[in-house]
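Letter by letter, the chains look like this.
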Amino acid sequence: MRRGAWQTSGTAVWLVPALLGMVAGTAVQTLQAALLPRTVLAVMFLTGLAGLFVLWRAAAHSWLRWSAMLLSVAAIVFAQIGWRALAFEAHALAPALEGRDLQVTGIVAAMPQRTEAGLRFPVRVEQALLGGVAVQLPPRIQLGAALVDAGDADDGAAPPGLLRVVAGERWSWTLRLRAPHGNLNPSGFDYELWMWANDLQASAYVRNAAAVRHGQTWRYPVEWARQRVRDRIIGQLAHERQAGWIAALVTGDQNAIERADWDVFRATGVAHLMSISGLHVTMFAWLASAMAGALWRRSARCCLAFPAPQAALVAGLVLATMYALFSGWGVPARRTIWMLACVSLLRLSGRRWPWPLVWLSAAAWVLLLDPWALLQSGFWLSFVAVGVLFASGAASDGVPPASWRMRAVAMLREQSVITLALTPLVLLLFGQVSLVG
């Protein structure tokens, strides 16, 4: 990278400490054992704003002002993440309501997933009663529905004995709730973090089979369509082992895959290929962009109205967002869409920043929207991989090789660099690594 690339403008010089401050403020806040009071967060926020005002009036650049910019932005980001956490925590389940029989009416907020005990799905709570008296519950809860009468299954979409639940339906249940509780074992699944990231503040199970279906509300049409597609796939390929694989790749329902298959995928290092992640969303965006660009260039009027490369970029982002929505809008998919949106906006604006600034901007943008992504292994794997490709020159120039042989060599080089760079991180996060993966 040329030294002069960093000196394109004063704005770029100030962006570096600001972006580093966003990442640092997020990291410090997410590592806190307890949330600070609102008054302390307010003082930090106002102090950060005052620091930015003083720096805005200053003209010269120096390491002192550079450090002050970093600390000011870090204080502001630290405070706003704390406020978001406090606002989310304010809707937590009251301890007095745990383990009590509650009459809850709510809407199925996502496509139900099959488990060993029955079905599992999130519910948007509309009303909750305890002994006929209205009580306050978290807006979204995770509900587990056990086995019921065989007569409730229909059309082969659910096996005999499973409750037939469709996304968007309004139901009434008698539930028992409990607040999220997870283990703190190293390298284990963080259940509380998963609930937090998915905007769920309590888990519940059906106390008895006296559930009442009130009808379809059409509040979640995308989830309804996902469920229809998944049920059709499983119904058509009911006797095929690959039915769960296809359903998982199309609709993002990972529970459709058998546990024995998951063991094979993990042992061979290809588990990430069977769940909708950044890899799938990015590949879909690339294919959609290439197809949209090819179609756009066929019309001279379209090219005169809007350049084909920019039209392809916008189309790729929009279609990739639609794919991420249809696949469940999971945390990895959301993170990828936000990163693609950041890079696309930079390209559409005509700015050509050095790769460390682009990489840091994407990371800061993702953490601003989802601060708790910093605690997930997927975030580190994604950004380390992209950073390594940028640093090695594999993704910095954007000019493809001329011949297919040169392209093959470039792809092998990139794969080798990624493998060597991510192997220590994969060993640290998962304790194993697969060479064929």
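Note that the structure is predicted; figures quoted are calculated from it, not measured. (Residues numbered from 1 in each chain as written. Predicted model: local features only at pLDDT ≥ 70, side-chain atom pairs only at ≥ 80, totals over all residues. Heavy atoms only, no water.)

## Quick word on the overall build of the chain
Within the chain one finds 14 helices and eight strands. Taking all 437 residues of the chain together, 38% fall into the buried category. Long-range contacts, defined as pairs at least 24 residues apart, comprise 70% of the intrachain contacts of the chain with a sequence gap of at least 6. Only carbon and sulfur atoms are counted for the fraction: they give 64% of the accessible area of the chain, which is about 24500 Å². (Helix = DSSP H or I, 4+ residues; strand = E, 2+ residues; numbered from the N terminus. Buried < 20%, exposed > 50% of the residue type's maximum accessible area, 1.4 Å probe, protein only. Contact = heavy atoms within 4.5 Å. Areas by Shrake-Rupley, 256 points an atom, 1.4 Å probe, with all protein chains shown as cover.)

## A word on the confidence of the model for the chain
For the chain, the average pLDDT comes to 82, and 87% of its residues sit at 70 or higher. In this model residues 1–8 is a low-confidence stretch, pLDDT under 50, and it forms ten contacts with partners more than four residues away in sequence or in other chains. Per-residue pLDDT stays below 50 along residues 149–161; that stretch engages in 17 contacts with residues further than four places along the chain or on separate chains. (pLDDT = per-residue confidence, 0-100.)

## Examining unusual backbone geometry
Of note, the phi angle at Asp 199 is positive, near 60°, even though the residue is not glycine. With respect to the helices, strands and loops of the structure, Asp 199 is situated in the loop between α4 (191–197) and β7 (203–206). Judged by its relative accessible area of 36%, Asp 199 falls in the partly exposed class. Despite not being glycine, Trp 218 has its phi angle at roughly 60°, a positive value. The topology assignment puts Trp 218 in the loop between β8 (212–216) and α5 (221–236).

## Digging into the packing of helix α10 (residues 308–326) against helix α11 (residues 331–348)
It is at 10 Å that the axes of α10 and α11 come closest, and there the two elements cross at 165°. Put simply, α10 runs roughly antiparallel to α11. Judged by the sense of rotation from one axis to the other, the crossing of α10 with α11 is left-handed. Contacts from Gln 310, Leu 313, Val 314, Leu 317, Ala 320, Thr 321 and Ala 324 of α10 reach α11 at Ala 333, Ile 337, Leu 340, Ala 341, Ser 344, Arg 347 and Leu 348. Its residues assigned to classes, the contact of α10 with α11 comprises ten nonpolar, three polar and one charged. (Axes fitted to C-alpha atoms, helices over the stretch in contact; angles between N-to-C directions. Parallel < 35°, antiparallel > 145°, perpendicular 65-115°, else oblique. Left-handed = near helix turned anticlockwise from the far one by under 90°. Nonpolar A, V, L, I, M, F, W, Y, C, P; charged D, E, K, R; others polar.)

## Some words on the nonpolar core
Of all hydrophobic cores here, the largest spans 22 residues; its most connected members are Phe 121, Leu 137, Ile 141, Leu 143, Trp 173, Leu 175 and Leu 177. Elements with a contribution of two residues or more to this core: β1 (102–108), β3 (119–130), β5 (140–145), β6 (169–178) and β7. If we ignore the near neighbours within four places in the chain, the residues touching Trp 173 are Leu 102, Gln 103, Val 104, Gly 106, Val 108, Phe 121, Val 123, Leu 143, Val 206 and Ala 211. Val 16, Leu 55, Met 69 and Trp 372 belong to the second largest nonpolar core, which has 16 residues in total. (Core = buried A, V, L, I, M, F, W, Y, C linked by side-chain atoms within 4.5 Å.)

## Re the pairing of β6
Judged by how many residues are buried, β6 sits mostly within the fold: seven of ten residues are covered. Bridge count between β1 and β6: six bridges; the pairing is antiparallel. For Gly 106, the partnering residue across the bridge sits in β6 and is Trp 171. Sheet analysis places β6 next to β8, joined by four bridges and oriented antiparallel. Along β8, the bridge assignment pairs Glu 169 with Gln 216. In terms of strand pairing, β6 meets β7 through four bridges, oriented antiparallel. If you follow Leu 175 over to β7, its bridge partner there is Val 206. (Pairing = 2+ DSSP bridges.)

## A short note on the pairing of β7
Relative to β7, β5 runs parallel, the two being bridged by three bridges. From the neighbouring strand, Gln 142 faces β7, where its bridge partner is Ser 203.

## Observations concerning the pattern of salt bridges
Under the criterion given, the structure shown has eight salt bridges. In this structure, Arg 170 and Glu 126 form a salt bridge, with 2.7 Å as the shortest nitrogen-oxygen distance. In this pair, Arg 170 sits in strand β6 while Glu 126 sits in strand β3, placing the two residues 44 residues apart along the sequence. Taking the relative accessible area as the measure of exposure, Arg 170 reaches 27% and is therefore partly exposed. Here Glu 126 falls in the partly exposed class, since its relative accessible area comes to 38%. (Salt bridge = Lys/Arg side-chain N within 4 Å of Asp/Glu carboxyl O.)

## Brief notes about helix α8 (residues 278–296)
Taking 1.5 Å per residue, 19 residues should reach 27 Å; α8 reaches 26 Å between its end C-alpha atoms and fits that length. Within α8, the full set of buried residues consists of Gly 278, His 280, Val 281, Ala 285, Ala 288, Ser 289, Ala 292 and Gly 293. Buried positions along α8 lie against α6 (243–251), α10 and α11. (Expected span 1.5 Å × (residues − 1).)

## Considering the packing of α8 against α10
Where α8 meets α10, the axes come as close as 7 Å, and the angle between the chain directions of the two elements is 140°. When the axes of α8 and α10 are compared, the pair comes out oblique. Crossing handedness for the pair α8 and α10: right-handed. Within the contact between the two elements, α8 uses His 280, Val 281, Phe 284, Ala 285, Ala 288, Ser 289, Ala 292, Gly 293 and Trp 296 and α10 uses Ala 308, Ala 311, Ala 312, Leu 313, Ala 315, Gly 316, Leu 319, Ala 320 and Tyr 323. Among the residues making up the contact of α8 with α10, the classes are represented as 14 nonpolar, four polar and no charged.

## Digging into the environment of Arg 213
Here Arg 213 shows up in strand β8. Of the residues examined, Arg 213 reaches a relative accessible area of 42% and is grouped as partly exposed. Between the C-alpha atom of Arg 213 and that of Thr 105, which follows or precedes it by 108 residues, the distance is 9.7 Å. Within the structure, the side chain of Arg 213 is placed 2.6 Å from the backbone oxygen of Arg 164, a separation counted as a polar contact. Within the structure, Arg 213 has its side chain in polar contact with the side chain of Glu 169 (distance 3.3 Å). (Polar contact = N/O pair within 3.5 Å; in protein donor to acceptor, adjacent residues only side chain to side chain.)

## Description of the environment of Leu 97
When you line up the elements, Leu 97 lands in the loop between α3 (63–89) and β1. Given the relative accessible area of 8%, Leu 97 is considered buried. Note: C-alpha distance between Leu 97 and Leu 130 (33 residues apart in sequence) is 8.6 Å. Among residues more than four places away in sequence, those in contact with Leu 97 are Leu 102, Leu 130, Val 135, Gln 136, Leu 137 and Leu 177.

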